[in-house]
Structures are given as C-alpha cells and as structure tokens.
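Read off the chains here:
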Amino acid sequence: GVMISDLRVGKAVHFLTELTSSGMESYSLSVDPSGNRLALAVNGDIQLIDTRTWTSCGDPIMDIHSDEITRIRFCNDNWLCTAGEDHLINVLDIAAKEDDMMLDVINAGEVVHKMHWHPEHNVVTATGSCENAWIINLIPGSRETKICRRDFDTYCVDFATLDNKSTLAMVLGRSSEESHCALDVVSCTPGSEGQVRGNLTNGHKEIARVCLSLGDRLITAGEDSSICVWSTANDEPVAMVDEASQKAARGTATLQNMRGARKPYSVSYTHLRAHETPEHLVCRLLLEKKKKKDREEKNGK
C-alpha cells in the first residue's frame, strides 16, 4: 500500500490499498508538476493515480521493464523517466498511443538507484549502483552523457543545483584516510563542464550518501549519521550538525568560487534554534509532541 501524509498536520490522510492484495511491490513513485497524477512503479509496470480522487487513471502501463522498476520520475505532465533492475533507463510519453510511447531507451549496464528531474536545465540525472552517472537531455534528438567513475576511491553522491539553480553540478566523494571523505562539487553545465566549484572538507567522517539543494545551501548526509549544511551563495562558513550525538558542529567549509575564505567556526544547537524558520519550528514542535505522546503511552503501559 501507499500512505499519503499531510505535512502541515503531520498525519496520514489517505491510504492506497487497492494493490495490497495483489502482493506486488513498489519501490518508487512520482507526482507530476501539476500535482494531479501520481505515478506508482509496481514491479515492472506503472500505475497512474488521480490525486484528486485517489483512483486509478485507467489500466496500468504494462511491461515497461522486464524486471522491477527501481526509480520513476515525471519530467513534465506527460513524460516519465524510469529505471529498472534490467539495467535500462526509459523515457516515456504517457500521452501517446501505446506503440509510440517509448521515446528513448538507454542501456545503463547497472541498476540506477537515484534519479532527479531538473526542469531549469531540461535534463534528468541518474546515479547507478557502480557509481557511474548519466545526464539525460530531454530535447528530442539529443544524446545522453555518461560520467564514468574516476577511480575506486571516488564515488558519485548525487547531482545538485547552484547559483539559483542556474548551474547543474555533481557532488563527488573522495574516500581515503587523508581526506576523511571530502566532497568535490564539479560543474556539469555546458561551458563550464569539469570546473571544480568547491572542495568540502572536515565534514563527514564516513561515506556521504545523500545530497540536496535548498536555496543557497547544499545539504549532505552520510553513513556517519551526520547532516552537513554547506553555503553555496557567498563566503559564509558552513555548519555541520551531528544528528547522532547531538553535539555542536564539528566541521566547516566554503566553496572555492567565493570572494574569499573566512576562518571556519562551529555553530551551536542554540544558534540553529535561534535561526530556524516558522516551517522548521512547526516541524520541530510536531515531532516533540509525537515523542511526548509516545513516552506517555509507553509509561502508561
């Protein structure tokens, strides 16, 4: 089944259970830009759900992959990009007739486990299990770009956008005893391909697995249970929050393309609390309320 939650109240508001009895498994889903349809990967098929009525939009799209679909992403209201255990990446036009639906097929040679659509650049980025990456240009007639893993000690964390989303960049990790899993931010935008935008060090102590862009911040998370927040807009230092130990920040870094580097400093939990947005405050209070309720129920038992 699929659970739909309202983040404003922190509660589940709907459950899709029509596929539960079938025993089929789903590992990825995506919502179209208009918010009207949900694409659900079910084994090797795609089920479209109308989010206004939470009912199926007709018959499923069958046999898109010969094995389980690992990732699915809307590229616009009618295009879907999918990847599967069969090592294929497919681009589909779900508004076209069944025989004309397939727009492109890419043999990745490995299982894709990360996929994002970047509307500002009209591309889909994908990262595979062997640490290779792809940039799929959605302009008809364009070829995809494969970025191979440099060496055994270098791995692709994910893609991110910088400079108010005008620059597409890839975040690479360097796992070695000397670098302590340092991160390199490398531009993938035409005209500046390969330019190193930053070397982020003294953050993660183990391999980084997640990378997100949020405004002028780059957020990474790693196997050391830490979340690092890096600045991408100016020469401000960056904070690193150790979620596991709840200790003060222990690592800072700046991007190389800034006007100059300042001396790194740590940011305390009190500082983070003082600068949290109203949205952060609501989320924190909801989480604390849930923890309090769980403790009361546990003590009551």
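Student: Is there a simple way to explain the layout of surface pockets in this structure?
Tutor: Remark: the empty space left among the atoms is shown by a probe the size of a water molecule rolled over them. Empty space within the second largest pocket amounts to approximately 450 Å³. Every residue lining the second largest pocket is counted, eleven residues in all, and those nearest its centre are V9, G10, L286, L287 and K290. At seven residues, the largest contribution of residues to the lining of the second largest pocket is made by helix α2 (residues 278-300).

Student: Looking at this model, I keep getting lost on unusual backbone geometry. Mind explaining?
Tutor: Both trends apply: most residues other than glycine have a negative phi, and most peptide bonds are in trans. Of note in this structure, D63 is not a glycine but carries a positive phi near 55 degrees. Looking at where D63 falls in the secondary structure, it is placed in the loop between β6 (55-56) and β7 (69-74).

Student: For this particular structure, what's the right way to read the side chain of H118?
Tutor: By the element assignment, H118 lies in strand β11 (residues 112-118). Here H118 is in contact with V123, T125, F159, T161 and L168, once residues within four sequence places are set aside.

Student: Sorry, what's going on with the pattern of salt bridges here?
Tutor: Close approach of charged atoms lets side chains of opposite charge pair. Inspection of the entire model under this criterion finds seven salt bridges. Between E120 and K165 there is a salt bridge whose closest N-O contact spans 3.8 Å. Within this pair, whereas E120 is found in the loop between β11 and β12 (123-128), its partner K165 is found in the loop between β15 (154-162) and β16 (167-174), the two being separated by 45 residues in sequence. In this structure, R209 engages E223 in a salt bridge whose closest nitrogen and oxygen atoms are separated by 2.9 Å. One end of the pair, R209, is in strand β19 (residues 208-214); the other, E223, is in the loop between β20 (217-222) and β21 (226-231), and 14 residues separate them in sequence. The partly exposed category is assigned to E223, whose relative accessible area is 42%. Among the charged side chains, a network of salt bridges with common partners joins E131, R209 and E223.

Student: Is there a simple way to explain a negative patch on the surface in this structure?
Tutor: A cluster of acidic side chains, namely D63, E98, D99 and D100, defines a negative patch on the protein surface. As for its placement among the helices and strands, D100 is situated in the loop between β9 (88-93) and β10 (102-107).

Student: Help me understand the packing of aromatic side chains in this model?
Tutor: For any pair of aromatic rings, geometry is given as the distance between the ring centres together with the angle between the planes. This model, assessed by the stated rule, comprises zero aromatic pairs. Just above the ring of F152 sits the side chain of R149; from NZ or CZ to the centre is 5.6 Å.

Student: Would you take a moment to explain the sheet that holds strand β13 (residues 133-137) for this structure?
Tutor: Where strands meet in a sheet, backbone hydrogen bonds hold them as pairs that are either parallel or antiparallel. An order of β11-β12-β13-β14 is seen for the four strands of this open sheet, with the pairing classed as antiparallel. If you trace the sheet from one side to the other, it starts and ends with β11 and β14 (145-147), each paired once. Strand-to-strand twist of the sheet, defined as the mean angle between neighbouring strand axes without regard to direction, takes the value 15 degrees. Sheet analysis places β11 next to β12, joined by six bridges and oriented antiparallel. Opposite H116, over in β12, you have T125 as the bridge partner.

Student: Please explain the sheet that holds strand β8 (residues 79-84) as it appears in this structure.
Tutor: On the basis of which strands lie adjacent, the open sheet formed by four strands has the order β7-β8-β9-β10 and antiparallel pairing. With partners counted over all chains shown, the strands left at the sheet margins are β7 and β10, one partner each. On average, each strand axis in the sheet is tilted by 15 degrees relative to the strand beside it, whichever way the strands run. Pairing between β9 and β10: five bridges, direction antiparallel. By the bridge assignment for β10, L88 is matched with N107.

Student: Before we go on, may I ask you to explain the state of the cysteines in this structure?
Tutor: Between two cysteines, a covalent bond joining their sulfur atoms is known as a disulfide. Applying the stated criterion across every chain yields a total of zero disulfides. Unpaired in this structure, C188 has its nearest cysteine sulfur neighbour in C156, at a distance of 8.3 Å. Residue classification places C188 among the buried residues on the basis of a relative accessible area of 13%. Cysteine C211 shares no disulfide, and the gap to the nearest cysteine sulfur, in C156, comes to 9.0 Å.

Student: What's the story with the environment of H204 in this structure? I'm lost.
Tutor: Checked against the element boundaries, H204 lands in the loop between β18 (196-200) and β19. The buried category is assigned to H204, whose relative accessible area is 1%. Looking at H204, its side chain comes within polar contact range of the side chain of D224, at 3.4 Å.

Cut-offs used in this document
Numbers given for residues are sequential positions, taken from 1 along each chain in its written order. Selection of residues for local features in this predicted model requires a pLDDT of at least 70, selection of side-chain atom pairs for listing and counting requires 80 or more, and totals for whole chains, interfaces and linings are taken over all residues. The basis for every side-chain value is the complete set of non-hydrogen atoms in the structure, without hydrogens or water. Think of a 1 Å grid over the protein atoms and nothing else: a 1.4 Å probe that fits but is trapped marks a cavity, an open set flanked by protein within 12 Å on at least five of seven lines marks a pocket, and residues with an atom within 4 Å of a point count as lining. Grid points are joined across faces, edges and corners, and a volume is the space filled by probe spheres set on the points. For the purposes of this entry, the term helix denotes a DSSP run of H or I that reaches at least four residues, the term strand denotes a run of E that reaches at least two, and both are numbered from the N terminus. Here a residue-residue contact requires only that any non-hydrogen atoms of the pair lie within 4.5 Å. Any Lys or Arg side-chain nitrogen located within 4 Å of an Asp or Glu carboxyl oxygen qualifies as a salt bridge. The buried label applies to any residue whose accessible area, calculated with a 1.4 Å probe on protein chains only, is under 20% of its type's maximum; exposed applies above 50%, and partly exposed to all values in between. Without a salt bridge and with relative accessible area above 30%, a residue can belong to a patch; like charges are then joined within 9 Å and nonpolar side chains (Val, Leu, Ile, Met, Phe, Trp, Tyr) within 5 Å. The Shrake-Rupley method, run with a 1.4 Å probe, gives the accessible areas here. Residue values count only the displayed protein chains as cover. For the charge count, each Lys or Arg is scored as positive and each Asp or Glu as negative, with His and the chain ends excluded. To locate a charge, the coordinates of NZ of Lys, CZ of Arg, CG of Asp or CD of Glu are taken. Each Phe, Tyr or Trp ring (for Trp, its six-membered ring) is paired with any other whose centre lies within 6.5 Å, and the angle between the two planes then decides the class: stacked below 30 degrees, edge-to-face above 60, tilted in between. Any Lys NZ or Arg CZ found within 6 Å of a ring centre and within 35 degrees of that ring's normal is scored as a charge over the ring. In this scheme, strands are said to pair when DSSP sees at least two bridges between them. Note on definitions: angles span 0 to 180 degrees between N-to-C directions of axes, and those axes are lines fitted to C-alpha atoms, for helices only across the stretch in contact. A pair of cysteine sulfur atoms is labelled a disulfide when the two atoms are within 2.5 Å. Here a polar contact means two N or O atoms within 3.5 Å. Within protein one must be a hydrogen donor candidate and the other an acceptor candidate, and residues neighboring in sequence count only if both atoms are side-chain atoms.

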